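# Observations on the model geometry
Residues per chain are reported as follows:
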Amino acid sequence: MRRAVRLLSRILLALIVLSPGIAALVGHLIGPGILHPANLNPERLEQTAQMLRRTRAAKEDFDIRAPDGVELRGWKIRPPSPNGDSVLLFHGLADDRSGVLGHAEFLLRHGYSVVMMDARAHGKSGGSMATYGWKERYDTVAISDALYSTEHVRHLFALGVSMGASIALQSAAVEPRIEAVVAEAPFANLPEVSYDYAGLDVSPLLGKMLFRPAVILAMNSVSREGGFDPQDVSPEKAVTDRPFPILLICGTRDHRIPCRHSERIYNAARGPKQFWIVNGADHAAALGHAPAEYEHRVVALFAQASSTSW
């Protein structure tokens, strides 16, 4: 037994000693993966059809060109009795437009038209890499331009989940037609959330200490390949650039992007702000955990924003 304990201790010590080298190797490997996420592209067409039948909404394809020529594909969906307002919906990492079907459904019931796009390098949209808001914020401007050229939009809002929440906040900083944003589980900035991912959903300290070299090398890889500074991918900075109403949502059981990210964004925001912490909710799972309150809070924010000049 003592021999086994000594052997285990030596193995753990070796791992600790070697961890910087291992972490460096991991950093070289995961850097490209940040810009080129695995694309799940789930088969949710039948779920979409069922949602459209329940809401009696009409869907049409909505394809546009981003400023750099990338083709972005998505849908415009109108309820049977539109209220004149539209909501841009933003999905999470390695997902597609169908990842926000639940959000679309309750918004359609309240008369909001919705725009559901595949982010660049996701779903059926083009693009060689995801940049987590660096390019996507200007994709949003192009989407808004196309929407306003084809529809009469009274008020425009945005709602995003996880990566999509981070893109929505950064988009509102450069697109003044977005009057309010609901952001569930956004990250404060790209390097900070990389520590959480490197912490393997256990603790960011694991990423900041044991795997810190991996994160640093991964961010260097992102900078070289993506052509931008990861520090500039920052919803926390975006909410200081323009004051707009926000509702931040996070779950107490979210270990992927913990509530401290939303807290940092909330503290930095210059516009009207609300912060809802959902007890017991996992990452990007607040709608399923508390659907009635989620719906009420979102609709109330949009209604207030549409009737108030900030």
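Everything here concerns the structure above.
We now turn to the structure provided with this report. (Residues numbered from 1 in each chain as written. Predicted model: local features only at pLDDT ≥ 70, side-chain atom pairs only at ≥ 80, totals over all residues. Heavy atoms only, no water.)

Another aspect to go through is the pattern of salt bridges. Summed over all chains, the structure comprises 24 salt bridges. Residue arginine 120 is joined to aspartate 139 by a salt bridge in which the shortest nitrogen-to-oxygen separation is 2.8 Å. Taken together, the residues arginine 120 in the loop between strand E4 (113–117) and helix H4 (136–150) and aspartate 139 in helix H4 connect sequence positions 19 residues apart. As far as the burial class goes, arginine 120 and aspartate 139 line up, both buried. As a salt-bridge pair, arginine 264 and glutamate 236 come within 2.9 Å of each other at their nearest N and O atoms. Residue arginine 264 is located in helix H10 (residues 259–268), and its partner glutamate 236 is located in helix H9 (residues 235–241); the two are separated by 28 residues in the primary sequence. In this structure arginine 264 comes out as partly exposed when scored by relative accessible area, which is 31%. Ionic contacts of the salt-bridge type, sharing partners, join the residues Glu60, Lys76, Arg78 and Glu151 into one network. (Salt bridge = Lys/Arg side-chain N within 4 Å of Asp/Glu carboxyl O. Helix = DSSP H or I, 4+ residues; strand = E, 2+ residues; numbered from the N terminus. Buried < 20%, exposed > 50% of the residue type's maximum accessible area, 1.4 Å probe, protein only.)

Another point: empty space enclosed by the protein. Going through the model one piece at a time under the given rule, you end up with 1 cavity of 30 Å³ or more. What the largest cavity holds in volume is close to 180 Å³. Looking at the largest cavity, it is lined by 17 residues, and the ones nearest its centre are Phe90, Met117, Asp118, Ala119 and Ile143. Listing elements by their share of the lining of the largest cavity, those giving two or more residues are strand E3 (85–90), E4, H4 and helix H5 (163–174). With 4 residues, H4 is the single largest residue contributor to the lining of the largest cavity. (1 Å grid on protein atoms, 1.4 Å probe; cavity = no way out; pocket = protein on both sides within 12 Å on 5 of 7 lines; lining within 4 Å. Points joined across faces, edges and corners; volume = space filled by probe spheres on them.)

Just distances and angles here, no functional claims.
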